[in-house]
Amino acid sequence: GAEPTYDYIVVGGGTSGLVVANRLSENDDINVLVIEAGGSVYNNPNVTSTTGYGKAFGTAIDWAYKTVDQEYAGNYPQTVRAGKALGGTSTINGMVYLRAQSAQIDAWEEIGNKDWNWKNLFPYYRKGEHFQGTNYSWLEGSGVAYDPAFHGFDGPLKVGWSETQLNDGLAQKLNTTYPNMPVPVPYNIDPNGGKMIGYALYPKTVDSKLNIREDAARAYYYPYKARSNLHVWLNTNANKLTWKTGDEATADGVEVTLANGTTTVVKASREVILAAGALKSPVLLELSGVGNPDILSKYGIGTKVNLPTVGENLQDQMNNGLTYDAKTSYSNLADYVAYPSVTQLFSNATAVGAQLLSKLPAYAAQVASANGNVTKAADIERFFKIQWNLIFKSHIPVAEVLVEPSGTTMGTEYWGSVPFSRGNIHISSANPTAAATIDPKYFMLDFDLHAQIQAARFIRQLFKTEPFADMAGAETKPGFSTVAANANDQGWSSFIKNNFRSNFHPISTAAMMPKDIGGVVDSSLKVYGTSNIRIVDASVIPFQVCGHLQSTVYAIAERAADIIKGQI
Ligand code: FDA
């Protein structure tokens, strides 16, 4: 016909989408089109700078999704950032490369995703990775080390340390301080092998030699762009999927609005692969008639596939910070991570565990009733029990704590790793350019607040512990006049809820799970009820991970490509 046709259309040229497009187009006989709403940022200094975190925020390459007023967190909206560019969110993220605790990935299999476990995902973390090692003069004396067994050396994605990351002398100070905490926090030589607990000097997605950001486009697209079967349409918005006539739900293309404003259809002969991110892929499903009929009919969209859990199970983390005066001035923006377990975070972990366990049925009922029982309380309770086991039996990290010296400030950031609160995202209109209704329900369940408070106390303790205590002066945020030294939970609550932000780790809005417990895609990442639509981005991750998301997103996409190619 007149319309251009490709074998596969990948919707979203971001972190996951470019991996899949790259791997599919390794085969000359396969024609792949990537549709990307943003443009190229190859030469954008807000992207390439390794010290420019935050500079892209609020610019044209930031979707800056807005949530609804957060009912349990101060009644104001939050901004959830995401990259709008070839390379997606990997072009604006913090470049942290930290995976997950192995038991967390094993939990994906426990809920019915056959063969999705740490053992099977681990080779895909390594497949994508081009680990650059520690052989740089500016790393001398930093104490950085790694376990080569955990890394890949032949993949496209450069991972390593950057020049500006560690040369401020703090690495060793923290290393000798964390073991002096009330419950000692040990040094972890390499947290990327599935065991994350401890203090670590972690790598980033950087080109160590050139000292520039490594993003998905730089790794997986630009070196391969000469492939005649790999096509990218930039500044092109995917509006919705189009369907082949007939009873079966088979996508035959995508309606797009081109850079010049023209709306047209592009055809896919094999599959449409959604990689538009956790806050867009479920929206595209709903705009295409896949979702909850009650929601679709409100906006005049006919139901093609009745799948009410599309957009449910949204999970994010909450990010707070404490700030201190630094006793010397730091020229670099460095950061140092610690991952405490529940026993390192709570002195009364056993009692905390017992109390939390008794609350899980009520938590589950609250999540289910908040979404009209689209997800069932019994299923949510089972997920929460798995999460409880991860925290109290497998001892996954329960918080992440970052120390970040910059100028005369000793900043910190922290978040509870595995909040229980779950919200949702749904369309608010049939118009593909309308903003969706995003409601993460931050702080809906009180354990999430407890974890956030306890991490703040952990940081106060760190700043009292020698030898690191000598490096910092007064606490300036919140400061003891705002939150007293011995403040109880009530005393911390309003500071935390009025100063947090999204941790920008939204997941699970098209969760990979069996359909009867709320899944949107099966373990081959195919959308239930359709014959040829897959989702390969952060939407499919069923449980929050303790690392940062990108490494796991890259690994899932690598595995997805093998699934689509029929190699698994
Ligand atoms: P991603 O957002 O990468 O890709 C989606 C793509 O689809 C985008 O390019 C988008 O423009 C495009 N798109 C959307 N709608 C479209 C439409 N209708 N038509 C066409 N294209 C469309 N993780 C980490 O590991 N370490 C870190 O340090 C950080 N730090 C961090 C900071 C900030 C500010 C953010 C926002 C996020 C992080 N993260 C992070 C998270 C991590 O970067 C993120 O989870 C992944 O990059 C998400 O990858 P996806 O492929 O799911 O979506």
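Just above sits the structure.
Residues numbered from 1 in each chain as written. Predicted model: local features only at pLDDT ≥ 70, side-chain atom pairs only at ≥ 80, totals over all residues. Heavy atoms only, no water.

### Some words on unusual backbone geometry
Of all residues except glycine, most have a negative phi; of all peptide bonds, most are trans. P467 follows E466 through a cis peptide bond whose omega is 5°. As for its placement among the helices and strands, P467 is situated in the loop between helix 12 (446–462) and strand 22 (472–477). Cis rather than trans, the peptide bond between K477 and P478 has omega equal to 0°. One can find P478 in the loop between strand 22 and helix 13 (489–499). Positive phi outside glycine occurs at N75, with the angle close to 60°. Assignment of secondary structure puts N75 in the loop between strand 3 (65–66) and strand 4 (79–80). (Helix = DSSP H or I, 4+ residues; strand = E, 2+ residues; numbered from the N terminus.)

### A closer look at the pairing of strand 13 (residues 263–274)
Pairing between strand 1 (residues 5–11) and strand 13: 6 bridges, direction parallel. When the sheet's bridge partners are listed, Y6 is paired in strand 13 with A268. As judged from the 5 bridges shared by strand 12 (residues 251–257) and strand 13, these two strands associate in the antiparallel manner. Residue pairing in the sheet places G253 in a bridge with K267 of strand 13. From the end of strand 12 to the start of strand 13, which pair antiparallel, there are 5 residues, and G261 there has a positive phi angle of about 95°. (Pairing = 2+ DSSP bridges.)

### Remarks on the side chain of T91
Along the chain, T91 falls in the loop between strand 4 and helix 3 (102–110). Residues in contact with T91, not counting those within four places in the same chain, are V41, V47, I61, A85, L86, R213 and D215. (Contact = heavy atoms within 4.5 Å.)

### So, the sheet that holds strand 17 (residues 323–330)
What the 5 strands build is an open sheet, ordered 7-18-19-17-22; its pairing is antiparallel. The strands lining the two open edges of the sheet, one partner per strand, are strand 7 (198–200) and strand 22. Along the sheet, successive strands turn relative to each other by an average axial angle of 30°, direction set aside. Where strand 7 meets strand 18 (residues 336–339), 3 bridges bridge the pair, whose relative direction is antiparallel. Paired with G198 across the strands is Y339, a residue of strand 18. Running over the sheet, helix 5 (residues 170–177) touches strand 7, strand 17, strand 18 and strand 19 (399–416) and is turned about 170° from strand 7. Across the sheet, helix 12 lies against strand 17, strand 19 and strand 22, angled at about 140° from strand 19, the strand it touches most. (Axes fitted to C-alpha atoms, helices over the stretch in contact; angles between N-to-C directions.)

### A closer look at the site of the ligand
The local shell around the ligand holds 38 residues, among which T15, S16, E36, T89 and Q550 are the closest. Within the backbone of A37, an N or O atom sits 3.1 Å from a nitrogen atom of the ligand. Here N237 contributes a side-chain N or O atom positioned 3.4 Å from a nitrogen atom of the ligand. Protein contacts shield 97% of the accessible area of the ligand, which totals 1,000 Å² for the unbound molecule. At the level of elements, helix 1 (15–24), strand 11 (237–243) and helix 14 (549–564) are the ones that each hand at least two residues to the shell around the ligand. The greatest single-element share of the shell around the ligand, amounting to 3 residues, is contributed by helix 14. Here the shell around the ligand is built from residues that sort into 16 nonpolar, 17 polar and 5 charged. (Near = heavy atom within 4 Å. Polar contact = N/O pair within 3.5 Å; in protein donor to acceptor, adjacent residues only side chain to side chain. Areas by Shrake-Rupley, 256 points an atom, 1.4 Å probe, with all protein chains shown as cover. Nonpolar A, V, L, I, M, F, W, Y, C, P; charged D, E, K, R; others polar.)

Purely geometric stuff here, so don't read any function into it on its own.
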